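The lines below spell out each chain.
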Amino acid sequence: MQSLSVEAQAKLEKDTAKKEAKAEAKAKAEAEKKQASIELKKASKLLASKFATGSSVTKNPQGQDEIVVQGDVSDDILEIIEQANEGGGGGQLGTLLKAVPADNVVQVEEKAKK
């Protein structure tokens with residue numbers, strides 16, 4: 001077996017540390033993404049059940065996940081988010097939506113095409 005020079009050994013250790021840091025960052029990013037998508041799905045399901053309407057998690061044109069709710073319940077949802085942010089409750093749904101700033105909520109009314 002051949003021994004490495006001090007410089008080669010230092011370079012090898014540096015490369016190994018870089019690879020480990022990169023792998024850790026990738027794993028952390030994947031875990032955060034998975035956690036966020038699970039919470040959105042859970043919130044979507046709770047919204048659908050609370051308002052007896054359709055609700056789903058979709059990607060918007062910017063590539064971010066969003067919850068789309070059918071029906072005229074956007075004012076009620078905004079109210080739940082505002083109550084949750086003020087610490088007023090909102091039940092299990094309020095707990096899930098507590099981290100959502102009211103500024104991030106966009107109400108879009110689409111008319112059905114005939």
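The preceding data block contains the structure.
Note that this is a predicted model, so its numbers are computed, not measured. (Residues numbered from 1 in each chain as written. Predicted model: local features only at pLDDT ≥ 70, side-chain atom pairs only at ≥ 80, totals over all residues. Heavy atoms only, no water.)

J.: Tell me about the overall build of the protein, and name the residues and values.
T.: A count of helical and extended segments in the protein gives 3 helices and 2 strands. Listed N to C, the secondary structure of the protein is α-β-β-α-α in terms of helices and strands. The 114 residues of the protein split such that 15% are buried. When contacts within the protein are restricted to residue pairs at least 6 apart in sequence, long-range pairs at least 24 apart make up 35% of them. Total accessible area on the protein stands at roughly 9,500 Å², and carbon and sulfur atoms take up 51% of it. (Helix = DSSP H or I, 4+ residues; strand = E, 2+ residues; numbered from the N terminus. Buried < 20%, exposed > 50% of the residue type's maximum accessible area, 1.4 Å probe, protein only. Contact = heavy atoms within 4.5 Å. Areas by Shrake-Rupley, 256 points an atom, 1.4 Å probe, with all protein chains shown as cover.)

J.: Kindly report on unusual backbone geometry, identifying the contributing residues and their values.
T.: The phi torsion at Ala52 lies on the positive side, around 50 degrees, for a residue other than glycine. Its place among the elements puts Ala52 in the loop between α1 (6–51) and β1 (55–59). For Ala52, a relative accessible area of 72% gives the class exposed.

J.: Hey, could you go over the pairing of β1 for me, with residue numbers and the actual values?
T.: Alignment of β1 against strand β2 (residues 65–69), held across 5 bridges, turns out to be antiparallel. Bridge pairing links Ser55 to Val69 in β2. Here β1 folds back onto β2, and the loop between the two strands holds 5 residues, one of which, Gly63, carries a positive phi near 90 degrees. (Pairing = 2+ DSSP bridges.)

J.: So, the pattern of salt bridges: which residues are in play, and what are the values?
T.: With the rule as written, the count across this model stands at 1 salt bridge. Where Asp65 meets Lys59, a salt bridge forms, and the shortest distance between an N and an O atom there is 3.2 Å. Note on Lys59: relative accessible area 52%, which makes it exposed. (Salt bridge = Lys/Arg side-chain N within 4 Å of Asp/Glu carboxyl O.)

J.: Can you break down helix α2 (residues 74–86) residue by residue, with the values?
T.: The end-to-end C-alpha distance of α2 is 18 Å, a good match for the 18 Å that 13 residues give at a rise of 1.5 Å each. Taken together, the buried positions of α2 are Ile77, Leu78, Ile80, Ile81 and Ala84. When α2 is viewed along its axis, its buried side chains cluster within an angular range of 155 degrees and face the same direction. Seen from the buried face of α2, the exposed residues on the opposite side, beyond 90 degrees, are Asp75 and Glu86. Where α2 ends, the next residue or the one after it, Gly87, has phi of about 85 degrees, a positive value. (Expected span 1.5 Å × (residues − 1). Arc of directions from axis to C-beta.)

From the geometry alone we can't say anything about function, so treat these as descriptive.
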